[in-house]
Amino acid sequence: MDKGSVNSFKVKGVAKDLCFFNRKKEIKALLDHAAGGQHTLLLAPRRFGKSSLLRKVAALASRQGCIKEMFYDKKRAFYQSAIRMDLGFAPVDEAGSYLLSMFDTEDNKVAASLCAELAQMTKGHPYYVQLAGYCLWELYRAAGDWKKVSAQDVFLMIYDLERTTFENSISLLTPQQRQVYRAIASDPGKQLTSRGFLVSHALPGHSSVRKAVAKLEASGFVLKGGGGYYSADPVLGTWWASAVG
Ligand SMILES: Nc1ncnc2c1ncn2[C@@H]1O[C@H](COP(=O)(O)OP(=O)(O)OP(=O)(O)O)[C@@H](O)[C@H]1O
Ligand SMILES: [Mg+2]
């Protein structure tokens, strides 16, 4: 395939073939668990790539001829408890190399730094890496010059494409939850109920903040890790942190 003439980023359905990147560790662990008759509970928020990963593993397993045993040998695995696997972001540097590899410009410094910047902005979230690639490809094709495309333009295009989805997501939250979500998205990893945090984000008392955070976590808006909370969806978070209202 001529990489230069078709936008081959895939933003709908599961990612496969050329589009699939990273997840080597997870693929190996899933295949190992399956070979040992061990169930795996695969957990991740929306659009982190659970279905894509399982499809990839099923395809590899069937090529290796062990699919029947993995999925149909009732004697082996049913009564074992599952090993939990949390699917996270892909490493940012791998996401950047992947983006660059989809263009015919591997030796172009401007393209390379743009891809690295976009990978950073998506935090390696697989869906947004695809979407950023898709938008980058369209903008580059229209401009015909890497120097005329910026990461900011790519993000504005992403916001345009995702606006309805983002608005629908936010509409599920109460005004107080929206306010707490904005505080977390713009200022991640902080002690939420500390006086400084409450004051600087004009938040209500700490018991309402605690209640709002519990709801945000239960509904998948925020994740806990690295000493605090952060937005599970990095792009929804950035959009909401900069949105008016
Ligand atoms: N390993 C990957 N490589 C490249 N792109 C990926 C990968 N995993 C996911 N994606 C991208 O993310 C999108 C969502 O992936 P997928 O449908 O597998 O996620 P999911 O976790 O099953 O989502 P949902 O919770 O909505 O079912 C895909 O359409 C694809 O664009
Ligand atoms: Mg899925």
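Now for a look at the structure at hand.

**Examining the site of ligand 1**
The environment of ligand 1 is formed by 19 residues, the closest being Lys10, Gly13, Lys50, Ser51 and Ser52. Within the backbone of Cys19, a nitrogen or oxygen atom sits 3.4 Å from a nitrogen atom of ligand 1. Protein burial of ligand 1: of its 630 Å² of free accessible surface, 86% is covered by the chains. Contributions of two or more residues to the shell around ligand 1 are made by helix H2 (50–63) and helix H7 (126–143). Classifying every residue of the shell around ligand 1 gives 8 nonpolar, 5 polar and 6 charged. Each of domain 1 (23–86) and domain 2 (92–150) accounts for three or more of the residues forming the shell around ligand 1.

**Looking at the packing of aromatic side chains**
This model, assessed by the stated rule, comprises 13 aromatic pairs. An angle of 80° between the planes, with centres 5.2 Å apart, marks the rings of Phe103 and Trp146 as edge-to-face. One end of the pair, Phe103, is in the loop between helix H5 (92–101) and helix H6 (109–122); the other, Trp146, is in the loop between H7 and helix H8 (151–171), with 43 residues separating them in the sequence. The residues Phe103 and Trp146 share a single accessibility class, namely buried. Note on Phe166 and Trp239: the rings are 5.2 Å apart at their centroids and 45° apart in plane angle, and the pair reads as tilted.

**Concerning the pattern of salt bridges**
Close approach of charged atoms lets side chains of opposite charge pair. For the structure on display, the rule yields 7 salt bridges. A salt bridge links Asp32 to Lys28; the nearest nitrogen and oxygen atoms lie 2.7 Å apart. Here Lys28 and Asp32 lie together in helix H1 (residues 24–35), a separation of 4 residues that amounts to about one turn. We classify Lys28 as exposed; its relative accessible area is 52%. A salt bridge links Glu162 to Arg47; its shortest N-O distance comes to 3.1 Å. With Glu162 in helix H8 and Arg47 in the loop between strand E1 (40–43) and H2, this pair connects stretches of sequence that are 115 residues apart.

Criteria and cut-off values
Residues numbered from 1 in each chain as written. Chains lettered and ligands numbered in written order. Predicted model: local features only at pLDDT ≥ 70, side-chain atom pairs only at ≥ 80, totals over all residues. Heavy atoms only, no water. Near = heavy atom within 4 Å. Polar contact = N/O pair within 3.5 Å; in protein donor to acceptor, adjacent residues only side chain to side chain. Areas by Shrake-Rupley, 256 points an atom, 1.4 Å probe, with all protein chains shown as cover. Helix = DSSP H or I, 4+ residues; strand = E, 2+ residues; numbered from the N terminus. Nonpolar A, V, L, I, M, F, W, Y, C, P; charged D, E, K, R; others polar. Domains from an automatic or database assignment. Phe/Tyr/Trp six-rings, centres within 6.5 Å; stacked < 30°, edge-to-face > 60°. Buried < 20%, exposed > 50% of the residue type's maximum accessible area, 1.4 Å probe, protein only. Salt bridge = Lys/Arg side-chain N within 4 Å of Asp/Glu carboxyl O.

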